[in-house]
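Coordinate analysis (summary)
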Amino acid sequence: MWIAVLIGVAALAVVGALVAARWRSTTPFAATPSRVPPSSTELVARSAPPSPGESEGSFVPIATKEQATELLAGLAVDDGSSAPSYSRDAFGGWLDEDGDCLDTRAEVLAVESLVAVGGKCTVTSGRWESPYDGTVLLTPDGVDIDHVVALANAWESGAWRWNDDRRAAFANDLTHPEHLVAVSASINRAKGARSPDEWMIPSKSRGTRCTYLVNWVVIKARWGLSITSSELDTLQRGIRSQC
């Protein structure tokens, strides 16, 4: 019996180490022009990726108020997108880029859990606190991995022009911890593909809303995505008042 317990503990330690290494990696995708996003992150002082079990500090602004304002001023404004009809299939599914048997969803679940997760290649248990609404979740079934800038919004904002590899890179971006966030399934469905001018975090925390708005701008800038004039107005006002 004790041997089985020790083996189980060792397995979880290995999974945790692999996940931590994954988040610390700076080159999870091949460095080809089709997959690497623009270098606008040079304007941003990136925070260190979290270690497993440290999700309380992972949902933080990835740039200062001033940096976000500067990035926002450089975004293209487009109110007349000519994108063809959106299909989720255009971005592919969750990938296991490093071959550790954990796909992108499992990687985020493992890193953002407040306790060590159960399972090996599939996360079966843990404890998550959704930063958008404060909901505490004890099983992964109730957890969604939110693309802060939703795939459908990215499509409308310019991703429809990308090739499949670049869209897959966007959908599975583990290099930047602000890109994917573990949230409650209910709040993720409420958000859908809407931008900040159409939906806002119901959290009463001023800091949480600042984080959401700043990181939205950083992601759009990093990937060269456009915004609408309504989006611009909301982001400008929101960053001024919430940050």
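The present account deals with the structure reproduced in this document. This is a predicted model, so every value here is computed, not measured.

Turning next to helix α3 (residues 104-112). Burial within α3 is extensive, with 8 of its 9 residues counted as buried. When α3 is considered as a whole, its buried residues turn out to be T104, A106, E107, V108, L109, A110, V111 and E112. The distance from a side-chain oxygen at the start of α3 to the backbone nitrogen of R105 is 3.2 Å, and the residue carrying that oxygen is D103.

So, about the state of the cysteines. Between two cysteines, a covalent bond joining their sulfur atoms is known as a disulfide. Summed over the entire model, instances satisfying the criterion amount to 2 disulfides. Shown here is the disulfide that connects C101 with C121, its sulfur atoms set 2.0 Å apart. Here the S-S torsion is close to -100°, and the disulfide linking C101 with C121 is therefore left-handed. With a gap of 20 residues between them, C101 in the loop between α2 (65-73) and α3 and C121 in the loop between α3 and β1 (128-129) connect regions that are remote in the sequence. Look at C101 and you get partly exposed, because its relative accessible area is 30%. The class for C121 is partly exposed, based on a relative accessible area of 33%. The disulfide partner of C210 is C243, and the gap between their sulfur atoms is 2.1 Å. Between C210 and C243, the disulfide has an S-S torsion of 110° and is therefore right-handed.

One pass over the structure, following the stated rule, counts 12 aromatic pairs. On the basis of an interplanar angle of 65° and a centroid distance of 6.2 Å, the ring pair of Y86 and W155 is categorised as edge-to-face. Residue Y86 is found in the loop between α2 and α3, and its partner W155 is found in helix α4 (residues 151-156); the two are separated by 69 residues along the sequence. For Y86, a relative accessible area of 32% puts it in the partly exposed group. The class of W155 is buried, set by a relative accessible area of 7%. With a centroid separation of 6.2 Å and 55° between ring planes, the pair formed by Y132 and W199 is classed as tilted. Of the two residues, Y132 is situated in the loop between β1 and β2 (136-137) and W199 in the loop between α6 (185-191) and α7 (206-222); the sequence distance between them amounts to 67 residues. Of the residues examined, W199 reaches a relative accessible area of 10% and is grouped as buried.

Take the pairing of strand β3 (residues 143-147) next. When you tally the buried positions in β3, you get 5 out of 5 residues, the bulk of the element. Burial of the side chains of β3 extends over both faces: V143, I145 and H147 are buried on one face and D144 and D146 on the other. Relative to strand β4 (residues 180-184), β3 is paired through 5 bridges, and the arrangement is antiparallel. Directly across from I145, in β4, lies its bridge partner A182.

Cut-offs applied
Residues numbered from 1 in each chain as written. Predicted model: local features only at pLDDT ≥ 70, side-chain atom pairs only at ≥ 80, totals over all residues. Heavy atoms only, no water. Buried < 20%, exposed > 50% of the residue type's maximum accessible area, 1.4 Å probe, protein only. Helix = DSSP H or I, 4+ residues; strand = E, 2+ residues; numbered from the N terminus. Polar contact = N/O pair within 3.5 Å; in protein donor to acceptor, adjacent residues only side chain to side chain. Disulfide = S-S within 2.5 Å. Phe/Tyr/Trp six-rings, centres within 6.5 Å; stacked < 30°, edge-to-face > 60°. Pairing = 2+ DSSP bridges.

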